[in-house]
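A closer look at the structure
Residue strings, one per chain:
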Amino acid sequence: MKTIQTILLLMLGILVFGGAIEFATEPVEAATGDPIVVIVNGANPVDDLSMGELKKLFMSDRSKWDTGKAVAPVIVVAGPAERTAFLKIVCGMNDADFSKYFLQAAFTGKSATPPREVPSSQGVKSVVGSSPGAIGFVKAGDFHGDGSEGAIKAVKVDGLTAGDSSYKLKM
Amino acid sequence: MRETMKNIFRKFLPVQIVGFAILIALSWTAFAQQPAPATASQGEINQQLLDRIAELEKEVKQLRQATNQSSIQTPTPPAPAPAPLPEPVAIVEITQANVVADRLKLNFFGDTGYQIGHFYGPANTFEFGEFDMFATARLSEHVSALGEILFTSSTDNSVGVDVERLLLKYRADDYFAASIGRIHTDIGYYNTAFHRGDYFQTTIGRPVMYEFDDQGGFLPLQDLGVVLEGKVPSGKLGLNYVFEVTNGRAYGINAEPAQNSTDGNNSKAVNLNMSAKPEWVPGLAVGFSVRHDYLSDVNNLRVSETIPVFYAVYNSAKYEWLNEAMVVRHARPVGPVYHTTAFYTQFSRRFGAYRPYFRYSYVNAPENDPIYGDPTEIQEVGRVNGPTVGMRYDFNDHAAFKLQYDREGTTDTKSINGGSGQFAFTF
């Protein structure tokens, strides 16, 4: 009984102490609310992906599409707001967690390959347009959707398009 | 008269001929040594030479241009690139990454620190923990290799070298992969979630039940054999399986636990680990593993060993809550059955770069257990339990500092305390 009490007190202490540190150090982030569009190659028949499926695709937990094509996620390099928001909402991670995840995955022997990084949204679109298994994301302002950007198309997330008010994937 | 003329010719002709020849030669030499005729002055000649040089240079330039054009020409002319053609290199790379073998990847892990208190030893000391060299390579689209070499310090201050893991893996798809080599056994959760490399694990050191068998631990955590693993088609339930057939562990005091090249008996250890990672609770994993092996003791008596482990863990960016419980069942062909119980719970929460943590570990092996109870044959296990409290601070995503307090009670001795600090890093 005494041991259990000690355990509970220690756990409570951790939470209180940690909460105080978090309150003092957590940065305040302003969300602009701009949606993030998930894009795939135009030849990919997929039209709708759940958040869970997106997480699997970008965290190398699923290696092939239903068509048999290898999944090839592509992501803009660290820095832009759409990357930060995407990792936070879809993967529940920040950049450091994301890179650590793949390092640890390799260490545990998993066949996990991190997404290909490109310098800009234009690069994401180019890669997705040129690779049948590629998937990426760009902020809505960088996606025209009129066919002028090559063989890419937007997919719904949890059945919603980027224009829907309840669309969750926003910066 | 005629005779006189003949005599004169006979007398003087040779002289005349020779003299004429000399005269001709001298004349010719003199002609050759004379200045150029007045029709071409020195300036004109120079100009002609310069013109000739310029003409040759022009020809050389034309030839060079022709050579360069032929070397850069491709079978098909380059397609007209769109005006803002971005990152053409990235496009090439992603194609290569999907088709061609990846490069060798190499990482190092290390930790060093300071320890105080009887929990760790007779005196306070700086300590070199481990230096881990880890390499992976994609040999083809489906085949990869993994190697891990560990340098670790011992209580006698020697530094030992161990081939920790060496695996050749064939991965057909998400549902089937087969490996062969030296492994960390998939008992429960912790052993294959963290392996070596203290950097990845939140705390300093492992839970008592997962201490490595070549460092005093009692579970068979390293082995050699074949591993089959993959996902089970189960939708959002996210079922996974791992099945191992291995040599099993060696038994006896001072024996190397992993039977690297010689198995003590013909029976092989088998281990099945089933887990579920439900999509509707990201970060949650629940599962169990069951391992069975026959050990041959020093008297060549067979001891049946069965190790069921149950686990429920939750990992998110902020929270980590690990819970595992197990029983080790030992039975000789005749006689009583012995059960060793163990569990641990570990909780941590991240606050920015800080992560305070708490863990409680418990192990209790019967004193008369045929494997864990005889100190003349193997390191006695007995009862070991106690809490661990600490704080981890991540400098960045490659280095962390941990500060930890441990308290441990055992069957026969008074509880002991220890404090330690550790820098763990990867590069």
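Calculation criteria
- In this numbering scheme, every chain counts its residues from 1 along its sequence in written order.
- The order in which chains are written sets their letters, starting at A; the order in which ligands are written sets their numbers, starting at 1.
- In keeping with the model being predicted, local features are shown solely for residues with a pLDDT of at least 70 and side-chain atom pairs are shown and tallied solely at 80 or more, while totals for entire chains, interfaces and linings include all residues.
- Where helices and strands are cited, they refer to DSSP runs of H or I of at least four residues and of E of at least two residues respectively, numbered from the N terminus.
- Counting other C-beta atoms within 10 Å of its own, a residue is labelled buried from 20 upward, exposed at 12 or fewer, and partly exposed in the gap between, with every C-beta atom placed from the backbone.
- Two residues qualify as being in contact provided that their C-beta atoms, derived from the backbone, are within 7 Å of each other.
- The predictor reports its confidence for every residue as pLDDT, a score running from 0 up to 100.
- Strands were regarded as paired on the criterion that DSSP finds at least two bridges between them.
- Helix axes are fitted only over the stretch in contact, all axes being lines through C-alpha atoms; the angle between N-to-C directions runs from 0 to 180 degrees.
- The span one expects for a helix is its residue count, reduced by one, times 1.5 Å.
- We define the nonpolar core as any set of buried residues of the types Ala, Val, Leu, Ile, Met, Phe, Trp, Tyr and Cys, connected via C-beta atoms lying within 7 Å of each other.

1. What to know about the overall build of chain B
- In terms of helices and strands, chain B carries four helices and 16 strands.
- Counting across all 427 residues of chain B, residues that qualify as buried make up 32%.
- Long-range contacts, defined here as pairs at least 24 residues apart, represent 52% of the contacts in chain B between residues at least 6 apart.

2. Here we look at the overall build of chain A
- Scanning chain A from N- to C-terminus turns up five helices and six strands.
- Starting at the N terminus and ending at the C terminus, chain A contains elements arranged as α-β-β-α-β-α-α-β-α-β-β.
- Counting across all 171 residues of chain A, residues that qualify as buried make up 34%.
- In chain A, the proportion of contacts linking residues at least 24 apart, taken out of those at least 6 apart, comes to 68%.

3. Observations regarding the confidence of the model for chain A
Residue and element names in this part refer to chain A.
- Summary statistics for chain A give a mean pLDDT of 83 and a share of 81% for residues scoring 70 or more.
- Looking at the elements of chain A, mean pLDDT is at its lowest for helix α1 (residues 2-25), recorded as 60, and at its highest for strand β3 (residues 72-76), recorded as 93.
- Low pLDDT, under 50, characterises residues 26-31; the predicted model gives this stretch two contacts beyond four residues in sequence or across chains.

4. As for the sheet that holds strand β5 (residues 134-139) of chain A
Residue and element names in this part refer to chain A.
- Overall, mixed pairing links the six strands, which are arranged β2-β6-β1-β5-β3-β4 in an open sheet. With partners counted over all chains shown, the strands left at the sheet margins are β2 (48-49) and β4 (116-118), one partner each.
- Where β3 and β5 come together, two bridges link them in parallel fashion. The residue of β5 that forms the bridge with Ala72 is Ala134.
- Its contacts with the sheet put helix α3 (residues 81-91) on β1 (36-41), β3 and β5, and the angle it makes with β5 is roughly 120 degrees.

5. Let's talk about helix α4 (residues 95-107) of chain A
- Helix length check: α4(A) (13 residues) gives 19 Å between terminal C-alpha atoms against 18 Å at 1.5 Å per residue, within 8%.
- Looking only at α4(A), the buried set comprises Phe98(A), Leu103(A), Ala106(A) and Phe107(A).

6. Overview of the environment of Gly136(A)
Residues and elements named next belong to chain A.
- With respect to the helices and strands, the residue Gly136 is situated in strand β5.
- What makes Gly136 buried here is the crowd of 29 C-beta atoms within 10 Å.
- Spatially, the C-alpha atom of Gly136 lies 8.5 Å from that of Val37, the residues being 99 residues apart in sequence.
- Those residues within four positions of Gly136 in sequence are excluded, and the remaining contacts are Ile39, Pro73, Val74, Ile75, Val124, Val127 and Val128.

7. A short note on the pairing of β5(A)
All names here are of chain A.
- With six of its six residues buried, β5 lies for the most part within the structure.
- The side-chain alternation of β5 yields two buried faces, one formed by Ala134, Gly136 and Val138 and the other by Ile135, Phe137 and Lys139.
- One ladder, built from five bridges, connects β1 with β5; its direction is antiparallel. Residue pairing for β5: Val37 is matched across the bridge by Val138.

8. Thoughts on unusual backbone geometry
- At Asp158(A), a position not held by glycine, the phi torsion is positive, near 55 degrees.
- Along the polypeptide, Asp158(A) turns up in the segment after β6 (152-157).
- Positive phi, close to 50 degrees, is recorded for His195(B), a residue that is not glycine.
- By C-beta crowding, His195(B) is classed as buried, having 23 other C-beta atoms within 10 Å.

9. Some details on the nonpolar core
- Grouped together as the largest cluster of nonpolar side chains are 33 residues, with contacts concentrated most on Val37(A), Ile39(A), Val74(A) and Val128(A).
- Elements supplying a minimum of two residues to this core: β1, α2 (51-58), β3, α3, α5 (121-130), β5 and β6 of chain A.
- Counting residues in hydrophobic clusters, the runner-up holds 31 residues, among them Val208(B), Phe343(B), Val363(B) and Ala365(B).

10. Details of the environment of Ala106(A)
- With respect to the secondary-structure elements, Ala106(A) resides in helix α4.
- Assessed through the 20 C-beta atoms surrounding it within 10 Å, Ala106(A) is described here as buried.
- Separated by 59 residues in the primary sequence, Ala106(A) and Asp47(A) place their C-alpha atoms 31 Å from one another.
- Excluding residues that lie within four positions of it along the chain, Ala106(A) makes contacts with Ala112(A), Lys105(B) and Thr136(B).

11. Let's talk about the pairing of strand β1 (residues 105-116) of chain B
- As paired strands, β1(B) and strand β2 (residues 125-138) of chain B are joined by eleven bridges and run antiparallel to one another. Opposite Phe109(B), over in β2(B), you have Asp132(B) as the bridge partner.

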